[in-house]
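Below, each chain spelled out in residue letters.
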Amino acid sequence: MKIITKAVKEIPDYNIESIAPKGDVLLFDIETTGLKKETTQVYLIGCSYYENDCWIIRQYLAESAIDEAEVIESFLDLASNYKVLVHFNGDGFDIPYMKYKVEYYGFSFNFDDLISFDIYKQAKRLKKFLNMQKMGQKAIEIFLGIERDDQLNGGLLIPYFYEYEKTGEKELEDLLLLHNFDDIQGMFKILAILKYADVLSGNFEFESYEECQGFAIFNYRLNNPVPVRYLKELDNFDVICLEGNLLQINRKLYSGEAKYFFPDVENYYYLPEEDRVIHKDVAMFVEKCHRKKATKTNCYIKKEGVFLAQEKDLFEPFYHIDCDKKRTYFELCSEIIQNKELLKCYALAIINC
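Residues numbered from 1 in each chain as written. Predicted model: local features only at pLDDT ≥ 70, side-chain atom pairs only at ≥ 80, totals over all residues. Heavy atoms only, no water.

**A word on the pattern of salt bridges**
Under the defined criterion, the tally for this structure stands at 16 salt bridges. Taking the shortest distance from any N to any O, the salt bridge between Glu173 and Lys2 comes out at 2.7 Å. Residue Glu173 is located in helix α6 (residues 170-190), and its partner Lys2 is located in strand β1 (residues 2-8); the two are separated by 171 residues in the primary sequence. Put simply, Lys344 and Glu205 hold a salt bridge, and the shortest N to O gap is 3.7 Å. Of this pair, Lys344 sits in helix α10 (residues 340-351) while Glu205 is found in strand β7 (residues 204-212), placing the two residues 139 residues apart along the sequence. In this structure Glu205 comes out as partly exposed when scored by relative accessible area, which is 30%. (Salt bridge = Lys/Arg side-chain N within 4 Å of Asp/Glu carboxyl O. Helix = DSSP H or I, 4+ residues; strand = E, 2+ residues; numbered from the N terminus. Buried < 20%, exposed > 50% of the residue type's maximum accessible area, 1.4 Å probe, protein only.)

Okay, structure coming up:
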């Protein structure tokens, strides 16, 4: 077995302290000769930890399959000093694989004693919002504009390990180490995707409101600036923009007549000549020929004003516009514009829809 340790200048583009204190965190990634843990081997484990004011990447490389137990045990000795494991899809593959190997070799180590932080699970909920087809590590790297030296995937490296096992060639060793090194170092970089997840979690504050060319423009300040500008188009020319520390939501204003539908239809009568409803207590004073029982389609009152669409019924009363029956609207008034908490809830409803 070989142990390769290297200090790196790379600094995570994310406040890792929001996950756990840096000294408690261990990032890790394993390379195996296949997916089936019962019949394949771990041949390389890479990890990273914070020490002496810098990040260290350490790699445990098997020189042959018989080194597997030593590679795993050496990594576990290091891991026992930490509280949080950070990984990419480790809950789905790396940790179950390692748990099996720990039991197989009889090592006294319990992965359940450590907190597992899976970047993939955190990033996966961004798939719809960021309109991404896949949320693999390389897909995230492409979205963030990250370039890597290694161009191979783990599956393609398996034959290289078998050849390395036979020959010990330095060139093959370098290829194996480079891929794993880039995966570990790549975790530092793709942690930045969590800044977009922070947006979905509401890690921002309302800053200002303005109107321009028939649009309501809401500006919010992000507590964690995003690394890459992202523009998301919604219905009716509405737009969400993320750039630096700015979250901006542009929504089309509707000026005109909206309708409020009463839920208790049985308590109202409709006046066809006036196109409005009145309560049954008042309807007794109107001749029967001029009124009829209200229905769900005509049990409304009209109001002139300026309205905005809402994904959830946050603001009451809920209005409807003939051209958009599925969505409710609210009247935009100064009381709402001055309520920062309500406007934050409004933004969360839009970005999480």
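**A short note on the sheet that holds β1**
The strand order across the open sheet formed by six strands is β1-β4-β3-β2-β5-β6, and the pairing between neighbours is mixed. Whereas interior strands pair on both sides, the edge strands pair on one side only; in this sheet they are β1 and β6 (115-118). The average angle at which neighbouring strand axes cross in this sheet is 25°, direction not considered. In the sheet, strand β3 (residues 42-51) pairs with strand β4 (residues 54-61) via eight bridges, with the strands oriented antiparallel. (Pairing = 2+ DSSP bridges. Axes fitted to C-alpha atoms, helices over the stretch in contact; angles between N-to-C directions.)

**Concerning unusual backbone geometry**
In this structure, Pro317 follows Glu316 across a cis peptide bond, with omega equal to -5°. Among the secondary structure elements, Pro317 is positioned in the loop between β14 (300-310) and β15 (319-321). One non-glycine residue, Asn131, lies in positive phi territory at about 55°. Take Asn131: it is sitting in the loop between α3 (119-124) and α4 (137-144). We classify Asn131 as exposed; its relative accessible area is 60%.

**What to know about the packing of aromatic side chains**
This model, assessed by the stated rule, comprises 28 aromatic pairs. Centroid distance Phe143 to Tyr230: 6.1 Å. Interplanar angle 65°. Geometry classified as edge-to-face. Within this pair, whereas Phe143 is found in helix α4, its partner Tyr230 is found in strand β8 (residues 215-233), the two being separated by 87 residues in sequence. Comparing Phe143 with Tyr230, the two get one shared label, buried. With a centroid separation of 5.4 Å and an interplanar angle of 85°, the aromatic rings of Phe330 and Tyr346 are classed as edge-to-face. Here the residue Phe330 occupies a position in strand β16 (residues 324-331), and Tyr346 occupies one in helix α10, the gap between them amounting to 16 residues. (Phe/Tyr/Trp six-rings, centres within 6.5 Å; stacked < 30°, edge-to-face > 60°.)

**Notes on the packing of helix α1 (residues 68-79) against helix α2 (residues 94-105)**
Put simply, α1 and α2 touch, their axes get as near as 11 Å, and they point 110° apart. With respect to α2, the element α1 is oriented roughly perpendicular. When α1 is examined against α2, the residues Glu68, Ala69, Ile72, Phe75 and Leu76 are found in contact with a partner set consisting of Met98, Lys101, Val102 and Tyr105. (Parallel < 35°, antiparallel > 145°, perpendicular 65-115°, else oblique. Contact = heavy atoms within 4.5 Å.)

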